[in-house]
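Structure assessment
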Amino acid sequence: MTYLGIDLGTSSVKVVAVSPTGTVLQVRSVPYATSHPESGAAEQDPDDWWQAVGETVRGLETEIRSQISVIGLSGQMHGTVVLSESRQLLVPAIIWSDVRGAEDSMLLTETLGKPAIADEIGTPLAAGFQAVTLSWLRRTNRATFDSIGYVMLPKDYLRFRLTGELSTEPSDAASTGLLQVHTRDWSDVMLKAVGIERRHLPRIGKSAALSGVLTHEAQAHLGLSRSARVCGGGADVPLAAIASGVTNLGQVMVTLSSGAQATAHVDASSVDFPLRTHTFASALEPDHGECGWYVMGATMACGSALSWFAQSVLGDRSISGQVLSEMASEVAVGADGLIFVPYLSGERTPHMDPGARGAFIGLTADHDRRHMARAIIEGTTFALADALELVVGLTSEPNDIVVAGGGAKSSIWVQVVADIVNRPVRTSPVADQSAVGAAVVAAAADTGRPVSEVGQSWASFGPDVFPHDEQATTYQNLRRVYQAFYPAFASHFPTLRS
Amino acid sequence: MSDELLVGLDVGTTNVKAVVVDLTGRTIAVASVAQEISYPHPGWAQHNPDRMWELACQVIREAATSVENPGRIVGIAVASMGEAGVTLDVRGDPTYDVIAWFDRRTVAQTDRFAAAIDRDKLFAITGTEIQPIMTGPKLMWLRDEHPDIWARTSRFLNVSAYIAYRLGAEPSQEHSLASRTGLFDLRSRTWHPDLMEIAGLHTDVFGTLSMGGTRIGNVSIDASRQTGLPAGIAIGMAGHDHICGAFAGGVIRKGDVLDSIGTAEGLMVGLDAPVDDVTMGGRGFTQGAHVVPDKYYGLGAIYTAGASYEWARAALAGGKSHDEILVGAASVPAGSLGVVFLPHLRLAMFPELDSRARGAFIGLTTDVTTDVLIRSVLEGIAFEGRAGFGPLTQYAQLPRLSDIKVIGGTARNELLIQIKASVMNARQHVLQVEEATALGAAMLAGMAAGVYRNADDAIANVKYETTTHEPDSSLVPMYDGLFDEVYTAIYSALKPMNHAVFDMFMAGTVE
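Worth saying up front: this structure is predicted, and the values here are computed from it rather than measured.

Right, let's get into the interface of chain B and chain A. Listed per partner, the contact involves 39 residues of chain B and 39 residues of chain A. Of the roughly 3,100 Å² buried between chain B and chain A on both sides combined, carbon and sulfur atoms contribute 66%. Considering only the side of chain B, the residues that lose the most area to chain A are Trp311(B), Leu364(B) and Met497(B), jointly responsible for 19% of the buried surface there. Our count for the contact surface shared by chain B and chain A stands at one salt bridge. Where chain B meets chain A, there are 18 residue pairs in polar contact (both at pLDDT 80 or more). The element best represented in the side of chain B that touches chain A is helix H18 (residues 476-505) of chain B, accounting for 13 residues. Classifying every residue of the side of chain B that touches chain A by side-chain character gives 26 nonpolar, 10 polar and three charged. Sheet topology note: the strand S19 (residues 358-363) of chain A/strand S20 (residues 359-364) of chain B ladder contains five bridges and is antiparallel.

Dropping the structure here:
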């Protein structure tokens, strides 16, 4: 018996086949394109997803394919697929990175008010969220909006193609901005604001419940010799945490990827009323005593700041993260007082200011590119620490911090995280976390075990990395300086932009 | 015109240069070698004095022996960096390395000195604030930290005077360099007894004082062998490099305005008498005795002007030529996509003297490339110049600047000078004088040798071309906005942050 996790990501679909004990048997991936037909647009063709999924699964070893019993789905969050009453695609999928709805996002937020939004959906709205995309569609393309028969998230479209069923589960539903955060059901307030009715939306099932079986056509498309069941699955972010065993109160996952995220599960729907963090329903099941929500703080720049430095400043995109880490390791903790403020693309948590700008401060003639590389690692981690602090404020003091994402491969970066948060951390070596998380949910659906239990039992970790007292003190002092920057300069950013 | 020749030596932070000129100031020969600096600790920098003399001999010899009939050379004078010198024992041998002018080890001594005298009173006497770079605190540091060395030290000579001494001159101090000790009374032109007492120094350590252009000795037979100069020719007193350069540019009296831009940048106005308004000192300006007898100057210094560009070139654009880098920077729209660079890479002088200041790039986005950063560095240097010239011209009681003379190695960076013209909204007249500092020294040598009657006669004889850069009026409003709304706000916004960082990382390096 084998579980299949399918992660419908932003740039590719990733499939993992996992044994009942959590051994990854095979991983395959096939990319697809994002089109930008106009400024700010980010669209994908759902048929491309379907073809890519078929190609990926068919490419698994025959032996593995013949063993598949339950399929779990993971997906890129927030996006929008609209079908007609006759279940035909009306327009291409509008994915999370589409920013054409920026104005609609502000309008919705102003109309409803921040505290009401916080209490209703637990998260700030942003362009690309399904709720915002629907508002944008209604404003700019009323004919299409009025023809909507069904609206769904990307991975739930995949479920529709696999099983013919129209359903979702709470974790992805939460990412639309249409889910009532406390009840984990559709929000009548938001539906009314957006102009959508319940009949347009999929039924909300449990993540670890079976949602249907493969149609004959789908079975052939995937190259499976027998049918398989499909369970609810979840959004890619909570599934990644689950695959890293981060399911309980007190555990935090810190992800160092293009941006950085701090993610922690919580047993009640606590929200941040200033809307600096996101509180979303999770793929875990509060009815079974699990944490039913997760809180996330996300920063804009992490690995992306290092990539910018390599490519745009040093002028060599081939400089790897490893080389930059080695450069950084040649200078002392604190980069001799050089501080990088990483708001290159504005900032999300904690400032929620898309117009914020970055900086190098504390610069002297004794600094060189090695100091800059180190300052970028440290500065992006200061930003992450700000996000982590807000997340912890809504959840629980952390007793287990798991570092994941590409940055977890850099031992210096992991040490910087430990020193800045001044707690021991451990790394998650799980690759393809969201796809593995989907397989975790599939296994839970199959066996009836709680998702958190399966996630914990499959997860493995690197050794604990401890903070060094002296380094922690240095960072504590430097972080105060870092934190003074934004309030001092926020009023100057508009002048710099003009 | 006679065929006599003069030698000007410029002992700088980056290079040691010797120039042989004829009496019109035309360069006949030039030789240059890189200055040597060691960095024994973070924040420390020093030069070996014997090695410095060897480098001086090397370039003098190279320049002097390359001219036809070196016997025509009638005089030499030495200009040097401002706040650096050599301690000597009774036999005239160095007792310690030359502490580089920008070295920051003397913060404790400076604080002690500053605590002992009212800031305004000090400025009224010396025309300066007490700063860690000044020679007074450097001597206090040596006495505090190395009493054994201090006990063997009987004389201190600025670098200019030390090299002159090695050439055969009497040990003597010049007024423009004396003005950089923190101990010199500008109006009476003597060492101030109260200040000497605060520093715990005796006037014996400085010896006699002489004005620029005075003949202080003749090249010795020994020095003649080492340098290739004719023995017995006049050694003229020269002084502070920036001020020698100003003399070469004809900037000696009220109304003369000079931007001397190199590693550091000197913003200078000529003065007929010292400014009496002591608030000048609190705003980062100094005044001092000119190398030209009886004249004064008002000065604002940017410690890292050309140095900021050189830093950016090495740190961000390593491996590229100047031309490539400047073509790239020129392709970036004026305003550098909203990136503003603050060039306080060692310390700040405007809007106030701040030895704990640090530099910054503000306004970074993912659109920013090396070209953008380099352009922002050039614009930052120009903004800093504007931040200095504004108040300086007010103190000198001059009208709004419309014309500025520009000299120095960095004046060759045409993109920078063009940017400065638009940022300042003032014409920049680049004097095509190849080595202004060395030329100024040579002119002082000519006064000492008697080939010029006086400073005005020297200026009247010396000729060179001028290239003028006009402001781009389409850019002036944009630069005005960036300067008024952002640039001038950055320093004070960053000040508490920079002080915190300085105290964390630099305090431990001050023994």
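The rest of the description comes next.
Within the open sheet, the four strands sit side by side as S18(A)-S19(A)-S20(B)-S19(B). Their pairing is antiparallel. Lying at the two open borders of the sheet, with one neighbouring strand each, are strand S18 (339-341) of chain A together with strand S19 (340-342) of chain B. This sheet shows a mean twist of 10° between the axes of neighbouring strands, independent of strand direction. In this structure, S19(B) lies alongside S20(B), joined through three bridges in antiparallel fashion. Note that in S20(B) the partner of Leu342(B) across the bridge is Ala360(B). Across the sheet, helix H14 (residues 370-395) of chain B is in contact with S19 and S20 of chain B; its angle to S20(B) comes to roughly 125°. The sheet strands contacting H18(B) are S18 and S19 of chain A together with S19 and S20 of chain B, and the helix crosses S19(B) at an angle near 50°.

Residues and elements named next belong to chain B. It is at 9 Å that the axes of helix H12 (residues 306-316) and H14 come closest, and there the two elements cross at 170°. The pairing of H12 with H14 is recorded here as roughly antiparallel in orientation. Crossing handedness for the pair H12 and H14: right-handed. In contact with Ser308, Tyr309, Ala312, Arg313 and Leu316 of H12, H14 contributes Thr370, Leu373, Ile374, Val377, Leu378 and Ile381. Per-class residue counts for the contact of H12 with H14 are eight nonpolar, two polar and one charged.

Next up on the list: unusual backbone geometry. Cis geometry marks the peptide bond from Thr349(A) to Pro350(A), where omega comes out at 0°. Among the secondary structure elements, Pro350(A) is positioned in the loop between S18 and S19. Here the residue pair Phe350(B) and Pro351(B) is connected by a cis peptide bond, since its omega of 5° sits within 30 degrees of zero. As for its position among the elements, Pro351(B) is in the loop between S19 and S20. With phi around 60°, Arg184(A) is a residue other than glycine that occupies positive phi space. With respect to the helices and strands, the residue Arg184(A) is situated in the loop between helix H8 (170-174) and helix H9 (188-194). Non-glycine residue Asp294(B) carries a positive phi angle of around 70°. Mapped onto the elements, Asp294(B) comes out in the loop between strand S17 (285-289) and strand S18 (296-302).

With that settled, the discussion passes to helix H15 (residues 414-424) of chain B. Residue and element names in this part refer to chain B. The buried count for H15 comes to nine of 11 residues, which makes it a mostly enclosed element. For H15, the full list of buried residues reads Leu415, Leu416, Ile417, Ile419, Lys420, Ala421, Ser422, Val423 and Met424. Remark: Asn425 follows H15 within two positions and exhibits a positive phi of approximately 50°.

Evaluated as defined, the whole model comprises 27 aromatic pairs over all chains. Summarising the aromatic geometry, the rings of Trp49(A) and Tyr157(A) are spaced 6.3 Å apart at their centres and angled 65° between planes, so their arrangement reads as edge-to-face. You can see Trp49(A) sitting in helix H1 (residues 46-58) and its partner Tyr157(A) sitting in helix H7 (residues 154-163), a full 108 residues away along the chain. The same class applies to Trp49(A) and to Tyr157(A), which are both buried. Aromatic side chains Phe341(B) and Phe361(B) sit 4.9 Å apart centroid to centroid with 45° between the ring planes, which places their arrangement in the tilted category. Placement of Phe341(B) in strand S19 and of Phe361(B) in strand S20 is noted, with a sequence separation of 20 residues between them. This pair shows no difference in class: Phe341(B) is buried, exactly as Phe361(B) is. Among the aromatic residues, those joined into a cluster by ring pairs are Tyr343(A), Phe382(A), Tyr475(A), Tyr482(A), Phe485(A), Tyr486(A), Phe489(A) and Phe493(A). The ring of Trp44(B) is capped by Arg105(B), whose NZ or CZ atom sits 3.8 Å from the centre of that ring. When the ring centre of Tyr296(B) is taken as origin, the NZ or CZ atom of Arg189(B), which lies over that ring, is 4.6 Å away.

Let us look at the confidence of the model for chain B. Should pLDDT be low for a region, the predicted coordinates there are not to be read in detail. In the predicted model, chain B carries a mean pLDDT of 94, and the fraction of residues at 70 or more is 99%. Both scores are available for the predicted complex, with the pTM at 0.85 and the ipTM at 0.91.

All names here are of chain A. Scanning the entire structure with this criterion turns up 55 salt bridges over all chains. Its salt-bridge partner being Glu85, residue Arg199 comes within 3.6 Å of it at the nearest N-O pair. With Arg199 in the loop between H9 and strand S10 (203-204) and Glu85 in the loop between strand S6 (81-83) and strand S7 (93-94), this residue pair connects regions lying 114 residues apart in the sequence. Overall, the relative accessible area of 48% leaves Glu85 in the partly exposed class. Taking the shortest distance from any N to any O, the salt bridge between Asp287 and Lys206 comes out at 3.4 Å. Of this pair, Asp287 sits in the loop between strand S16 (278-281) and strand S17 (293-299) while Lys206 sits in the loop between S10 and strand S11 (210-213); the two residues are 81 residues apart in sequence, bridging distant segments of the chain. Lys206 sits in the partly exposed class, given a relative accessible area of 36%. Sharing partners across several salt bridges, the network here consists of Lys155, Asp156, Arg159, Glu169 and Asp172.

About the thresholds
Residues numbered from 1 in each chain as written. Chains lettered and ligands numbered in written order. Predicted model: local features only at pLDDT ≥ 70, side-chain atom pairs only at ≥ 80, totals over all residues. Heavy atoms only, no water. Contact = heavy atoms within 4.5 Å. Buried area = accessible area lost by both parts, 1.4 Å probe. Salt bridge = Lys/Arg side-chain N within 4 Å of Asp/Glu carboxyl O. Polar contact = N/O pair within 3.5 Å; in protein donor to acceptor, adjacent residues only side chain to side chain. Helix = DSSP H or I, 4+ residues; strand = E, 2+ residues; numbered from the N terminus. Nonpolar A, V, L, I, M, F, W, Y, C, P; charged D, E, K, R; others polar. Pairing = 2+ DSSP bridges. Axes fitted to C-alpha atoms, helices over the stretch in contact; angles between N-to-C directions. Parallel < 35°, antiparallel > 145°, perpendicular 65-115°, else oblique. Left-handed = near helix turned anticlockwise from the far one by under 90°. Buried < 20%, exposed > 50% of the residue type's maximum accessible area, 1.4 Å probe, protein only. Phe/Tyr/Trp six-rings, centres within 6.5 Å; stacked < 30°, edge-to-face > 60°. Lys NZ or Arg CZ within 6 Å of the ring centre and 35° of its normal. pLDDT = per-residue confidence, 0-100.

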